[in-house]
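Commentary on secondary and tertiary structure
Given next are the chains, with one letter for each unit.
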Amino acid sequence: DSFDEECDYLFKAVLIGDSAVGKSNLLSRFAKDEFYLDSKPTIGVEFAYRSVKVGDKLIKAQIWDTAGQERFRAITSSYYRGALGAILVYDITRKTTFENLKKWLRELREFAASDIVIVLVGNKSDLNQSRQVEVEDGQSFAQLEGLSFLETSAKEKLNVEEAFLEMINKIYNVM
Ligand code: GDP
């Protein structure tokens, strides 16, 4: 579209993490400011765009969502191809989604560029009463692996903007 000529940079980023951690809703919150109570049944890769100003530059991020693929098989290498950033998501109310982070990092290391910027996100922070993963556990995992870390709520619109902007700023700074 005509917007491609107006932006200074266009880059691809991906959302990864177990099924139902909130990837689709983080993306729809960031790209369209929308939230859905039900999981979308869509199968296949989808993406959304959002442009942000960083300094005097206009950056357009093309962010891909697995849209359910992770339920059936490992995501293919084409999903990661050309990605400069990744938002790695777990659900603070389901410990298994946190334990599976190692699996996701292994996959990133296998298929993504070695210098990909990764932001770790513990989503559903609004469900604090059902919490199974402490903030400190997220923090220390992130520190150990050299990732940025934030807890978010796609539902309550907490830290979502900050998580994506952290990734976009970091990518911009290494470009
Ligand atoms: P995905 O499979 O990782 O893309 O997850 P979805 O975005 O489809 O979300 C799975 C379910 O979790 C849906 O029922 C969402 O409404 C819900 N969900 C997503 N984000 C949040 C959140 O921040 N808080 C709460 N309470 N529910 C959420």
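Quick summary incoming for the structure in this document. Quantities reported herein were computed from a predicted structural model and do not represent experimental measurements.

It is worth spelling out the sheet that holds strand β5 (residues 117-123) at this point. Across the sheet, which stays open at both edges, the 6 strands sit in the order β2-β3-β1-β4-β5-β6 with mixed pairing between neighbours. The sheet is open, and its two edges are formed by β2 (46-54) and β6 (148-152), each paired on a single side. Put simply, the sheet's adjacent strands are angled 25 degrees from each other on average, direction ignored. Seen against the sheet, helix α5 (residues 101-111) touches β1 (9-16), β4 (83-91) and β5 and runs at an angle of roughly 165 degrees to β4.

Remark: helix α2 (residues 23-32) packs on helix α7 (residues 160-174), axes separated minimally by 9 Å, with the N-to-C direction vectors making an angle of 85 degrees. Relative to α7, the element α2 lies roughly perpendicular. Seen from α2, the contacting residues are Leu26, Leu27, Arg29 and Phe30; seen from α7, they are Val160, Glu161, Phe164 and Ile168. Its residues assigned to classes, the contact of α2 with α7 comprises 6 nonpolar, no polar and 2 charged.

Around the ligand there are 19 residues in total, and Ala20, Lys23, Tyr36, Leu37 and Asp126 lie nearest to it. One of the backbone N or O atoms of Ser24 is found 2.9 Å from an oxygen atom in the ligand. In the model, an oxygen atom of the ligand is placed 3.0 Å from a nitrogen or oxygen of the Lys124 side chain. Within the complex, the protein chains bury 89% of what would otherwise be the 580 Å² of accessible surface of the ligand. Top contributing element to the shell around the ligand by residue count: α2, with 3 residues. Its residues assigned to classes, the shell around the ligand shows 7 nonpolar, 7 polar and 5 charged.

Looking now at the layout of surface pockets. Reported here for the second largest pocket is a volume of approximately 160 Å³. Residue lining of the second largest pocket: 13 residues in total, with Ser114, Ile116, Val117, Ile118 and Leu147 positioned closest to the centre. At the level of elements, α5 and β5 are the ones that each hand at least two residues to the lining of the second largest pocket. Take the lining of the second largest pocket: its biggest share by element is 3 residues, from α5. Taken together, the residues of the lining of the second largest pocket sort by class into 8 nonpolar, 2 polar and 3 charged.

Attention now moves to a nonpolar patch on the surface. A surface patch of nonpolar side chains, about 250 Å² in accessible area, is lined by Tyr9, Leu84 and Met175. With respect to the element layout, Tyr9 can be found in strand β1.

Rules behind the numbers
Residues numbered from 1 in each chain as written. Predicted model: local features only at pLDDT ≥ 70, side-chain atom pairs only at ≥ 80, totals over all residues. Heavy atoms only, no water. Pairing = 2+ DSSP bridges. Helix = DSSP H or I, 4+ residues; strand = E, 2+ residues; numbered from the N terminus. Axes fitted to C-alpha atoms, helices over the stretch in contact; angles between N-to-C directions. Contact = heavy atoms within 4.5 Å. Parallel < 35°, antiparallel > 145°, perpendicular 65-115°, else oblique. Nonpolar A, V, L, I, M, F, W, Y, C, P; charged D, E, K, R; others polar. Near = heavy atom within 4 Å. Polar contact = N/O pair within 3.5 Å; in protein donor to acceptor, adjacent residues only side chain to side chain. Areas by Shrake-Rupley, 256 points an atom, 1.4 Å probe, with all protein chains shown as cover. 1 Å grid on protein atoms, 1.4 Å probe; cavity = no way out; pocket = protein on both sides within 12 Å on 5 of 7 lines; lining within 4 Å. Points joined across faces, edges and corners; volume = space filled by probe spheres on them. Patch = residues over 30% accessible without salt bridge, like charges linked within 9 Å, V, L, I, M, F, W, Y side chains within 5 Å. Salt bridge = Lys/Arg side-chain N within 4 Å of Asp/Glu carboxyl O.

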